[in-house]
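Residue-level listing of the chains:
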Amino acid sequence: MRKIAVAMAKGGVGKTTTAVNLAHGLASRGQRVLLVDCDTQGQAAKFLGQKPEFGLYEFITERQENGQVIARNETLHRTRENLWLLDGGIRLVELKNWLGEQPRDIRQTVLAQKLVPRQGALDYLIFDCAPGWDVLSVNILMAATEVLCPVALQGPSLEGLKTFFRYLQSAQKINQQLRLEYILPTMFDRRTRHSYQMLSQLKKHFARQMCDPIHYSVRLAEAPTLGRTIFEYRSSNRGAFDYENLVRRIMKNGSQEQGQP
Ligand SMILES: Nc1ncnc2c1ncn2[C@@H]1O[C@H](COP(=O)(O)OP(=O)(O)OP(=O)(O)O)[C@@H](O)[C@H]1O
Ligand SMILES: [Mg+2]
């Protein structure tokens, strides 16, 4: 099973857009995917047009907010064929408090210890991370093995990257399996020189991890307002093509790791 964290400390760079479309793209290709929303904004469910009753809070604590015990499999919400969601949202504030109360030596690895699907039940775990850095972010980087880092080709500079990589390095000291595998440029606008400049800067620093960019597309921003992925909303759109391309790259990477042609 592949465990991919879509993470970047900076906000609004396309993490959720990427996590949701990647998860659905993989599921459409017959991969069994669990998307884990680790953000108090609970955007992943909205992007998929869902309102799950339970989610990550109940999965980890095995309790409902009223204290009643709940079975873990009841917290997984099936959203599409082959695609399940562990919902995030405001209850994650409570989850972070709960994590903070756990003994120091296990606090960072609670998620990794608990999120162990049955052998062969899933092909991919995709984590949609929140911006910033806290006890839950650390837990995700302890549970994941691959990091996909979306970088928006807009704004003043590649700000935030350095800070984020410092976080990543500190996580790698504890989770030695964790690798930065993909740098995904997002919101690429062919009309601006700035986009090209940022792209070439990234290529220079991250030749191996560099993915083809996701173009800026109004359709990508519209799709979640209707609770649809780009493949459902406009399958012939440039954004759908770009995300399909990413899906192919990620699947190919996996087959190389397993020594397949
Ligand atoms: N390639 C794109 N072209 C146009 N709009 C996009 C693109 N990618 C994302 N967006 C839009 O930009 C906004 C931010 O995207 P998204 O929510 O995916 O970012 P995020 O990194 O998850 O944000 P946050 O840090 O708040 O969780 C959303 O309105 C989304 O629809
Ligand atoms: Mg998000």
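Right, let's walk through the structure included here. None of the values given here were measured: they were computed from a predicted structure. (Residues numbered from 1 in each chain as written. Chains lettered and ligands numbered in written order. Predicted model: local features only at pLDDT ≥ 70, side-chain atom pairs only at ≥ 80, totals over all residues. Heavy atoms only, no water.)

Take the pattern of salt bridges next. Across all of its chains, the model carries 14 salt bridges by this definition. Here Arg91 makes a salt bridge to Glu58, at a shortest N to O gap of 2.7 Å. Placement of Arg91 in helix 4 (residues 91–100) and of Glu58 in helix 3 (residues 56–61) is noted, with a sequence separation of 33 residues between them. Since its relative accessible area comes to 2%, Glu58 is described here as buried. Residues Glu232 and Arg80 are paired through a salt bridge, measuring 2.6 Å at the closest nitrogen-oxygen approach. Taken as a pair, Glu232 in helix 10 (residues 230–233) and Arg80 in strand 3 (residues 77–80) lie far apart in primary sequence, 152 residues in all. Salt bridges sharing common partners tie together Glu58, Asp87 and Arg91. (Salt bridge = Lys/Arg side-chain N within 4 Å of Asp/Glu carboxyl O. Helix = DSSP H or I, 4+ residues; strand = E, 2+ residues; numbered from the N terminus. Buried < 20%, exposed > 50% of the residue type's maximum accessible area, 1.4 Å probe, protein only.)

The next subject is the sheet that holds strand 1 (residues 2–6). Spatially, the seven strands line up as an open sheet ordered 3-4-2-5-1-6-7, and their pairing is mixed. In this open sheet, the two edge strands, each paired with only one partner strand, are strand 3 and strand 7 (179–186). The average angle at which neighbouring strand axes cross in this sheet is 25 degrees, direction not considered. In this structure, strand 3 lies alongside strand 4 (residues 83–86), joined through three bridges in antiparallel fashion. (Pairing = 2+ DSSP bridges. Axes fitted to C-alpha atoms, helices over the stretch in contact; angles between N-to-C directions.)

Tracing the sequence through the fold places Lys46 in helix 2 (residues 43–47). The exposure class assigned to Lys46 is partly exposed, which follows from its relative accessible area of 48%. Sequence-wise, Lys46 and Gly227 are 181 residues apart; in three dimensions their C-alpha atoms are separated by 6.0 Å.

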